[in-house]
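# Results of the structural survey
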Amino acid sequence: MAQEQRTAKPKQLARRSYERELLRLQQELVKLQEWVRAEGARLVVVFEGRDAAGKGGAIKRVTEYLNPRIARVAALPTPTERQKTQWYFQRYVEHLPAAGEIVLFDRSWYNRAGVERVMGFCTDEEYWQFLHQCPTFERMLIEAGILLRKYWFSVSDTEQERRFRDRLEDPMKRWKLSPMDVESITRWEDYSRAKDEMFIHTDIPDSPWHVVESDDKRRARINMIAHLLSTVPYQEIEAPQIKLPPRPASRGYQRPPRDLQKYVPDHAVGLE
């Protein structure tokens, strides 16, 4: 079975090093968020890659300490019958950020060049029209002032299969394994060809792809976040000085009796 070309696999990043650097980078992400808010910037980050490549885990680490009113995730479901009759990019446009917002696309308009192409969910005409229009669409976003970053998470076939088996055997992760994921195992080379064709047409100077080697999830998250931060000219915004006021003296308020309200049972007491 053919594999994506990759460099020699480094050993897994040690947990202690990973957690220390991740926390430092997450602190920088908070600074980035405040800069986006203060400057009225608009940032779009596209996460693409094969199933089980680690996109979701990376997105969780990016957003962990961010304000959900500023940074939000767009993970669009299957288009409705009405949306299928719209201009293809139309349903993605409505999720683009306004001033002072960050949007992370957990899969994006590139569905057409990937799963739709491989699984036959679009016609050849729709596919080639997408490849023709996509660079123009992205240039329009950039010319409008949107900061666009695109990441492709690259995973080997053996590691992908290992993660699929882990999902299958873990009841907490089984929901992640869909029939489409299972189908992707038998269509590895089809997806490889689709990805290569997509890069030929959409890896352009104005909007390049950045490949993240993701067999080691820890290393992938650190590398992706560090790269994102390095591409945005953010600066630390001085936080306003906030001083807590003294609590005023009581004016005679009496709390209602506890038996008038329904309290959650103390489940935790059994753990002590």
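These figures come from a predicted structure and were not determined experimentally. (Residues numbered from 1 in each chain as written. Predicted model: local features only at pLDDT ≥ 70, side-chain atom pairs only at ≥ 80, totals over all residues. Heavy atoms only, no water.)

### A short note on the packing of helix H2 (residues 55–63) against helix H10 (residues 217–231)
- At a closest axis distance of 10 Å, the pairing of H2 and H10 adopts a crossing angle of 55°. Relative to H10, H2 is oriented oblique. Considering only the axes of H2 and H10, their crossing is right-handed. Contacts between H2 and H10 involve Gly57, Ala58, Arg61 and Val62 from the former and Arg221, Met224 and Ile225 from the latter.
- Partitioning the contact of H2 with H10 into residue classes produces four nonpolar, one polar and two charged. (Axes fitted to C-alpha atoms, helices over the stretch in contact; angles between N-to-C directions. Helix = DSSP H or I, 4+ residues; strand = E, 2+ residues; numbered from the N terminus. Parallel < 35°, antiparallel > 145°, perpendicular 65-115°, else oblique. Left-handed = near helix turned anticlockwise from the far one by under 90°. Contact = heavy atoms within 4.5 Å. Nonpolar A, V, L, I, M, F, W, Y, C, P; charged D, E, K, R; others polar.)

### Some points on the sheet that holds strand S2 (residues 71–74)
- Read across the sheet, five strands follow the order S2-S3-S1-S4-S5 without closing on themselves; strand pairing throughout is parallel. One side of each edge strand has no neighbouring strand; the edge strands of this open sheet are S2 and strand S5 (209–213). Strand-to-strand twist in this sheet, taken as the mean axis angle between neighbours without regard to direction, amounts to 20°.
- When strand S1 (residues 42–49) meets strand S3 (residues 101–106), the two strands line up parallel, connected through six bridges. In the sheet register, Phe47 faces S3, and the bridge partner there is Asp106. (Pairing = 2+ DSSP bridges.)

### Let's talk about empty space enclosed by the protein
- In the structure shown here, the tally under the stated rule is two cavities of 30 Å³ or more.
- Looking at the largest cavity, its volume works out to about 40 Å³.
- Lining the largest cavity, in full, are Leu29, Leu32, Leu43, Val45, Val62, Leu66, Ile102, Leu104 and Leu228.
- Of all the elements in the fold, those that place two or more residues in the lining of the largest cavity are helix H1 (15–39), S1 and S3. (1 Å grid on protein atoms, 1.4 Å probe; cavity = no way out; pocket = protein on both sides within 12 Å on 5 of 7 lines; lining within 4 Å. Points joined across faces, edges and corners; volume = space filled by probe spheres on them.)

Function cannot be read off these values alone, since they describe shape.
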